[in-house]
Amino acid sequence: MGMVSWGMRRNMFWGNAFSIWPAAATMPRNHPTLIIGSRRRRTTDCCRSLTHVVRSPELVDLEYADLGLKEIVGEVGHVRIRQHVNPLTASFTTPAQVPHWNEVFKDPTLPLMLDIGSGSGRFLIWLAKRCPDSKNYLGLEIRQKLAIRAQFWVNELCLKNIYFMFANATISFEQLVSTYPGPLTLVSILCPDPHFKKRHHKRRVLQKPLVDSIVKNLSPGGQVFVQSDVLEVALDMRKQLDAWPDVFQHIDSTDPSVLCDPQGFILENPLGIRTEREIHAESEGAKIYRRMYQKRF
């Protein structure tokens, strides 16, 4: 795909991915166009005279409807942020303060899933609600407003097994996971900022120091799940993790039920819920490139 097309997709996806209020919510329900992402199609409904407007943010709301987060936004309100952040700027080089784990988690000895670049947090909150007593969840987000809003939602839902932090994972990952009392069993990096320009590739989150720290701290049998809707980024993350064949093996070699395409990318999200970015991308017909690795025993 050419650079113009990537730029159009980048503006389209990143521009609305972090807004809690879907644009479609302000449009009349009798609008004559069915909208999925940016693709407009004339539609006829033989059963109803009114048609329905669907945008990708509304698809996100439908997928996460059980959380009921729109109704509890409260004073935090509508959050607009910078879509792209340079993690190498001086303001992001200060390590995050390690929390008192027994204060943020009801049981800090439970297995931990750590999501790097947790975005709005809805994906991780959905997982935490499914496993309230068996796992803890930690979301690291470099955009402070998103981390604050996500933690607001956690407090409103009275969840005691999930916590969001404003942190640059490249700087803070090691000191956070090395102090956590329980085992680190899953690290996820899902549709990270692609930083398309070659001179900006050094800003990408999965660099060798972070991979080294994951290798060091992940429990035997633990997993690393990475995905992107940008093939170049997916291949870059794959290269970083494939460089450790004595440590990591891809999940399809240990679980034959996991189906992959001819390139070795997992066909379906193995965690049971799509991220917001996945929903936006797939509504545009984009492919998601997924890899999951397991640390050898």
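Because the structure is predicted, anything quoted here is derived from the model rather than measured. (Residues numbered from 1 in each chain as written. Predicted model: local features only at pLDDT ≥ 70, side-chain atom pairs only at ≥ 80, totals over all residues. Heavy atoms only, no water.)

S.K.: Break down the overall build of the protein for me, citing the residues and quoting the values.
M.R.: A count of helices and strands for the protein gives nine helices and nine strands. Out of the 297 residues in the protein, the part that is buried amounts to 52%. In the protein, of all internal contacts separated by at least 6 residues, the share reaching a separation of at least 24 is 78%. Accessible surface, the protein as shown: approximately 14,600 Å² in total, 54% of it carbon and sulfur. (Helix = DSSP H or I, 4+ residues; strand = E, 2+ residues; numbered from the N terminus. Buried < 20%, exposed > 50% of the residue type's maximum accessible area, 1.4 Å probe, protein only. Contact = heavy atoms within 4.5 Å. Areas by Shrake-Rupley, 256 points an atom, 1.4 Å probe, with all protein chains shown as cover.)

S.K.: Summarise the sheet that holds strand 7 (residues 218–228); cite the residues concerned and give the values.
M.R.: Pairing is mixed in the open sheet, where seven strands are placed in the order 5-4-3-6-7-9-8. Every interior strand has two partners, whereas the edge strands, strand 5 (162–166) and strand 8 (248–250), have only one. The mean inter-strand angle of the sheet, taken between neighbouring strand axes irrespective of direction, is 20°. As paired elements, strand 6 (residues 184–190) and strand 7 share six bridges and run parallel to each other. Across the sheet, Leu-186 pairs through a bridge with Gln-223, a residue of strand 7. (Pairing = 2+ DSSP bridges. Axes fitted to C-alpha atoms, helices over the stretch in contact; angles between N-to-C directions.)

S.K.: Provide a residue-level description of the layout of surface pockets, including the pertinent values.
M.R.: A volume near 160 Å³ is recorded for the second largest pocket. Along its surface, the second largest pocket is lined by Met-113, Leu-127, Arg-130, Cys-131, Lys-135, Tyr-137, Thr-185, Leu-186, Gln-223 and Leu-271. Taken together, the elements giving at least two residues each to the lining of the second largest pocket come down to helix 4 (122–130) and strand 6. Its residues placed into classes, the lining of the second largest pocket shows six nonpolar, two polar and two charged. (1 Å grid on protein atoms, 1.4 Å probe; cavity = no way out; pocket = protein on both sides within 12 Å on 5 of 7 lines; lining within 4 Å. Points joined across faces, edges and corners; volume = space filled by probe spheres on them. Nonpolar A, V, L, I, M, F, W, Y, C, P; charged D, E, K, R; others polar.)

S.K.: Explain the pattern of salt bridges residue by residue, including any values.
M.R.: A pair can form between side chains of opposite charge whenever their charged atoms are brought close. Applying the stated criterion across every chain yields a total of 16 salt bridges. Notably, a salt bridge pairs Arg-204 with Asp-236, separated by 3.5 Å at the nearest N-O pair. Separated by 32 residues along the polypeptide, Arg-204 in the loop between strand 6 and helix 7 (208–217) and Asp-236 in helix 8 (residues 231–242) bring together distant segments of the chain. One salt bridge in this structure joins Glu-278 and Arg-290, with 2.9 Å as the shortest N-O distance. (Salt bridge = Lys/Arg side-chain N within 4 Å of Asp/Glu carboxyl O.)

S.K.: Can you explain the packing of helix 6 (residues 169–179) against helix 7? Please cite residues and give values.
M.R.: Taken N-terminus to C-terminus, the directions of helix 6 and helix 7 make an angle of 10°; their axes are 9 Å apart at the nearest point. Relative to helix 7, the element helix 6 is oriented roughly parallel. Like other packed secondary-structure pairs, helix 6 and helix 7 cross with a definite hand, here left-handed. Counting all contacts with helix 6, which are made through Ala-169, Phe-173, Glu-174, Val-177 and Ser-178, the residues of helix 7 involved are Leu-210, Ser-213, Ile-214, Lys-216 and Asn-217. Of the residues that constitute the contact of helix 6 with helix 7, the class distribution is five nonpolar, three polar and two charged. (Parallel < 35°, antiparallel > 145°, perpendicular 65-115°, else oblique. Left-handed = near helix turned anticlockwise from the far one by under 90°.)

S.K.: A description of the packing of aromatic side chains should follow, citing residues and the corresponding values.
M.R.: Scanning the model with the defined rule gives six aromatic pairs in all. On the numbers, 6.0 Å between centres and 5° between planes, the contact of Trp-101 with Phe-105 is stacked. Taken individually, Trp-101 and Phe-105 each receive the classification buried, so the pair is uniform in this respect. Taken together through their ring pairs, the aromatic side chains of Trp-101, Phe-105 and Tyr-180 make up a single cluster. Here the guanidinium or amino end of Arg-238 rests over the ring plane of Phe-265, the centre of that ring lying 5.2 Å away. (Phe/Tyr/Trp six-rings, centres within 6.5 Å; stacked < 30°, edge-to-face > 60°. Lys NZ or Arg CZ within 6 Å of the ring centre and 35° of its normal.)

S.K.: Describe the nonpolar core, with residues and values.
M.R.: Counting residues in hydrophobic clusters, the biggest one holds 37 residues, and the most contacted among them are Ile-116, Phe-173, Ile-214 and Phe-248. For this core, the elements supplying multiple residues, two or more each, are helix 3 (101–104), strand 3 (112–116), strand 4 (136–141), helix 6, strand 6, helix 7, strand 7 and helix 8. Excluding residues within four positions of it along the chain, Phe-173 makes contact with Leu-114, Ile-116, Leu-184, Val-187, Leu-210, Ser-213 and Ile-214. (Core = buried A, V, L, I, M, F, W, Y, C linked by side-chain atoms within 4.5 Å.)

Keep in mind that these numbers describe shape and distance, not what the molecule does.
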